[in-house]
Amino acid sequence: KELDAIAGNSRMGTSSDFHLETLYVLVRAAKPQTVVETGVLYGASSGHILAALAANGHGRLCSIDLGNKPGEPPHDFLVRPDLMSRWEYTAGDVREELPVLLARLGRVDMFHHDSLHTFEHMMWEFSTVSPHLGPEGILASHDVFVSDSLRTIFKQNAFPAFCRQKELRHIMVRNSGIALRHRRARASAPSVRRPSLEQPAWSRR
């Protein structure tokens, strides 16, 4: 309510309730140890991720954002004070700060994108993070049905494009995307016989 009362359009960039609740449930279910996030604004997504980590009893969040302008609410406006101990916030350019952070962390269990939504930048973020995602790593993204790049206005969003490129299982609902790495099949698992492509479609059931 306080954010709604602020003059101007400062609250227009916050995520929807659906996206925030999805993030919370995702973190509660997956129980990641290390979460990396790009794009903070006033801390709506950060606060929900941190609340889920606190409910899990373990985990930390590392966030990167350019920082807010003078007169805007601060980056932690929507984050409860009791959650701050699990949060590492870096103000800076994602292009510069993300590689440094990943090199220090080594492995990441979950990555959430909500910074610049151009095709080029999203692909760069996903490609940069991908080598650091664990075998059960989660790739989450906001704004998976939009493109902020005029040069690629007629192309698909970077999230489904990247998921197909890397063969990641993914879903997209209400402008939110979630992708999971494939689990490696056990060596002892029996092989599954696939239907021949020469069979008529009606016979493949």
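Residues numbered from 1 in each chain as written. Predicted model: local features only at pLDDT ≥ 70, side-chain atom pairs only at ≥ 80, totals over all residues. Heavy atoms only, no water.

## Quick word on the overall build of the protein
So, step 1. Looking only at helices and strands, the protein features five helices and seven strands.
So, step 2. The helix and strand sequence of the protein, counted from the amino end, reads α-β-α-β-β-α-β-α-β-α-β-β.
So, step 3. Counting across all 205 residues of the protein, residues that qualify as buried make up 42%.
So, step 4. Across the protein, every contact between residues at least 6 apart in sequence was considered, and the portion connecting residues at least 24 apart equals 74%.
So, step 5. Carbon and sulfur atoms provide 54% of the accessible area of the protein, an area that totals close to 12200 Å². (Helix = DSSP H or I, 4+ residues; strand = E, 2+ residues; numbered from the N terminus. Buried < 20%, exposed > 50% of the residue type's maximum accessible area, 1.4 Å probe, protein only. Contact = heavy atoms within 4.5 Å. Areas by Shrake-Rupley, 256 points an atom, 1.4 Å probe, with all protein chains shown as cover.)

## Let's talk about the packing of helix α3 (residues 94-105) against helix α4 (residues 119-129)
So, step 1. For the pair α3 and α4, the least separation of the axes is 10 Å and the interaxial angle reads 10 degrees. Between α3 and α4, the crossing angle belongs to the class labelled roughly parallel. Of α4, the residues touching α3 (which contributes Val94, Arg95, Leu98, Pro99 and Leu102) are Glu120, His121, Trp124, Glu125, Thr128 and Val129.
So, step 2. Here the contact of α3 with α4 is composed, by residue class, of six nonpolar, two polar and three charged. (Axes fitted to C-alpha atoms, helices over the stretch in contact; angles between N-to-C directions. Parallel < 35°, antiparallel > 145°, perpendicular 65-115°, else oblique. Nonpolar A, V, L, I, M, F, W, Y, C, P; charged D, E, K, R; others polar.)

## Some details on the side chain of histidine 19
So, step 1. Structurally, histidine 19 can be placed in helix α1 (residues 17-30).
So, step 2. Residue classification places histidine 19 among the buried positions, given a relative accessible area of 2%.
So, step 3. Within the structure, histidine 19 has its side chain in polar contact with the side chain of serine 176 (distance 2.6 Å).
So, step 4. Once you skip the residues sitting within four places of it in the chain, histidine 19 turns out to touch His112, Ser141, His142 and Ser176. (Polar contact = N/O pair within 3.5 Å; in protein donor to acceptor, adjacent residues only side chain to side chain.)

## Things to note about the environment of threonine 128
So, step 1. Structurally, the position occupied by threonine 128 is in helix α4.
So, step 2. A residue is classified by how much of its surface remains accessible, and threonine 128, at 18% relative accessible area, is buried.
So, step 3. For the pair threonine 128 and arginine 95, spaced 33 residues apart in sequence, the C-alpha separation works out to 9.7 Å.
So, step 4. Engagement of the side chain of threonine 128 in a polar contact is seen with the backbone oxygen of tryptophan 124, the distance being 2.7 Å.

## Digging into the pattern of salt bridges
So, step 1. For the coordinates displayed, the defined rule picks out three salt bridges.
So, step 2. Notably, a salt bridge pairs arginine 104 with glutamate 88, separated by 2.4 Å at the nearest N-O pair. Taken together, the positions of arginine 104 in helix α3 and glutamate 88 in strand β3 (residues 87-91) put the pair 16 residues apart, joining distant regions of the chain.
So, step 3. Note on glutamate 88: relative accessible area 27%, which makes it partly exposed.
So, step 4. A salt bridge links aspartate 109 to arginine 107; the shortest N-O distance between them is 3.4 Å.
So, step 5. For aspartate 109, a relative accessible area of 17% puts it in the buried group. (Salt bridge = Lys/Arg side-chain N within 4 Å of Asp/Glu carboxyl O.)

## Some details on the packing of aromatic side chains
So, step 1. Scanning the entire structure with this criterion turns up three aromatic pairs.
So, step 2. With centroids separated by 6.0 Å and ring planes inclined at 75 degrees, the aromatic side chains of phenylalanine 126 and phenylalanine 159 adopt a geometry described as edge-to-face. Of this pair, phenylalanine 126 sits in helix α4 while phenylalanine 159 sits in helix α5 (residues 158-166), and the two are 33 residues apart along the sequence. We note that phenylalanine 126, like phenylalanine 159, is buried.
So, step 3. Between phenylalanine 126 and phenylalanine 162, the aromatic rings sit 5.6 Å apart at their centres with planes inclined by 45 degrees, giving tilted as the arrangement. With phenylalanine 126 in helix α4 and phenylalanine 162 in helix α5, this pair connects stretches of sequence that are 36 residues apart. The burial state of phenylalanine 126 is the same as that of phenylalanine 162; both residues are buried. (Phe/Tyr/Trp six-rings, centres within 6.5 Å; stacked < 30°, edge-to-face > 60°.)

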